[in-house]
Amino acid sequence: MHGSVTDAGRYVESAVASESVTGGFLDILGPEAPRWRAKMRRRRYGRDEVVFHEGDPGDTLHVIDKGRVLVETTTSIGDVAALSVRGPGEVIGELALVGDGRRTASVTALEPTETLSLSKAVLEDLRSTDARVDRYLVELLAEKLAETLAQLVEVLFVPVESRVLRVVDRLADAFDEGHTPIIIRVRQEDIAAMAGTRRQTANRPLKAAEAEGAVRIGRGRVEVIDRDLLRKLAY
């Protein structure tokens, strides 16, 4: 598991403030959004704290309000593999609510993170009240499936050197705060897992990109110095 995780029970709950940003999930509700927002709970997680574990019963959907999280899964041989990084406005945990009720991945905070959670009962009420919610969930699941398929195609047909740098480019989107360098606070082994390879293999294209001046490698982080050059090397 990423870092030294702590028990998820340490989150703090409070009523959601009116200025919270929840991205597309509440945007679709228009004037009704404040009423449903009041039914959501704010949860706070420290760095390396678990939001939920793979296999746990899942009775809440989370919208990331602040911070970023790492999504991981366990392979058939017991290894833990990073899948993606999710940030503000993105939804996590929806599969357990529309599926068999179990978490399909583990989620850990990469930095101090706040989510807005919606219980299964409230979500069911919302789905029965507004058909747009079901459409949103279907589109969300379709988007994540398309993302997974695209990553699978890359693993099958794209050279590993390009895959690694493409992962860094996608992570740059997740960590972009509007200034250079873009600091990606993800370990090399997690970048390697997202690219479908091992850390030692991923280190070679990262070192080559560093020599070209596209990135700078640090402990537990990669800094993107020249995004255009990174993309040129990746694609």
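The structure reproduced in this document is the subject of the present report. (Residues numbered from 1 in each chain as written. Predicted model: local features only at pLDDT ≥ 70, side-chain atom pairs only at ≥ 80, totals over all residues. Heavy atoms only, no water.)

**As for the side chain of R163**
Assignment of secondary structure puts R163 in helix α6 (residues 160–175). E154 provides the closest opposite charge to the buried, unpaired R163, separated from it by 6.0 Å. Residues in contact with R163, not counting those within four places in the same chain, are E154, V155, V158, A195, G196 and T197. (Helix = DSSP H or I, 4+ residues; strand = E, 2+ residues; numbered from the N terminus. Buried < 20%, exposed > 50% of the residue type's maximum accessible area, 1.4 Å probe, protein only. Lys, Arg positive; Asp, Glu negative; His and termini not counted. Salt bridge = Lys/Arg side-chain N within 4 Å of Asp/Glu carboxyl O. Contact = heavy atoms within 4.5 Å.)

**Some details on the nonpolar core**
With 30 residues, the main nonpolar core has V85, V168, I184, V186, I191 and M194 as its most contacted residues. Sorting the residues of this core by element identifies β6 (80–86), α6, β10 (182–184), α7 (188–194), α8 (199–212), β11 (215–218), β12 (221–224) and α9 (227–234) as the ones contributing at least two each. Top contributing element to this core by residue count: α6, with eight residues. When near neighbours in sequence (up to four residues on either side) are disregarded, V85 contacts R68, V69, L70, E90, L110, L171, A174, F175, V186 and M194. With 20 residues, the next largest nonpolar core counts M40, L97, V122 and V133 among its residues. (Core = buried A, V, L, I, M, F, W, Y, C linked by side-chain atoms within 4.5 Å.)

**A word on the pairing of strand β9 (residues 113–119)**
Taking burial as the measure, the seven residues of β9 include six buried ones, the bulk of the element. Pairing of strand β2 (residues 41–45) with β9 involves five bridges; the strand directions are antiparallel. The residue bridging R43 from the neighbouring strand is T115, located in β9. When strand β4 (residues 60–66) meets β9, the two strands line up antiparallel, connected through six bridges. Directly across from H62, in β9, lies its bridge partner S117. (Pairing = 2+ DSSP bridges.)

**Digging into the packing of helix α4 (residues 120–129) against helix α5 (residues 131–157)**
The contact between α4 and α5 brings their axes to 5 Å, and the two run at 110 degrees. When the axis of α4 is compared with that of α5, the two are roughly perpendicular. Together, L123, L126, R127 and T129 of α4 and A131, V133, D134 and L137 of α5 make up the contact between the two elements. Its residues assigned to classes, the contact of α4 with α5 comprises five nonpolar, one polar and two charged. (Axes fitted to C-alpha atoms, helices over the stretch in contact; angles between N-to-C directions. Parallel < 35°, antiparallel > 145°, perpendicular 65-115°, else oblique. Nonpolar A, V, L, I, M, F, W, Y, C, P; charged D, E, K, R; others polar.)

**So, the sheet that holds β10**
The strand order across the open sheet formed by three strands is β10-β12-β11, and the pairing between neighbours is antiparallel. Of all the strands in the sheet, the pair left with one neighbour each is β10 and β11. Taking each pair of neighbouring strands and ignoring which way they run, the sheet shows an average axis angle of 20 degrees. The pairing of β11 with β12 spans four bridges and is classified as antiparallel. Paired with R216 across the bridge in β12 is E223.

**Quick look at the packing of α6 against α9**
The geometry of a pair of packed helices is captured by two quantities: the angle between their axes and the separation between those axes. In the contact formed by α6 and α9, the axes pass within 8 Å of each other and the chain directions differ by 145 degrees. In this structure, α6 crosses over α9, and the sense of that crossing is left-handed. Contact with α6, carried on its side by S162, L165, R166, V168, D169, A172 and D173, involves R227, L230, R231, L233 and A234 of α9 and no other residues of that element. Here the contact of α6 with α9 is built from residues that sort into six nonpolar, one polar and five charged. (Left-handed = near helix turned anticlockwise from the far one by under 90°.)

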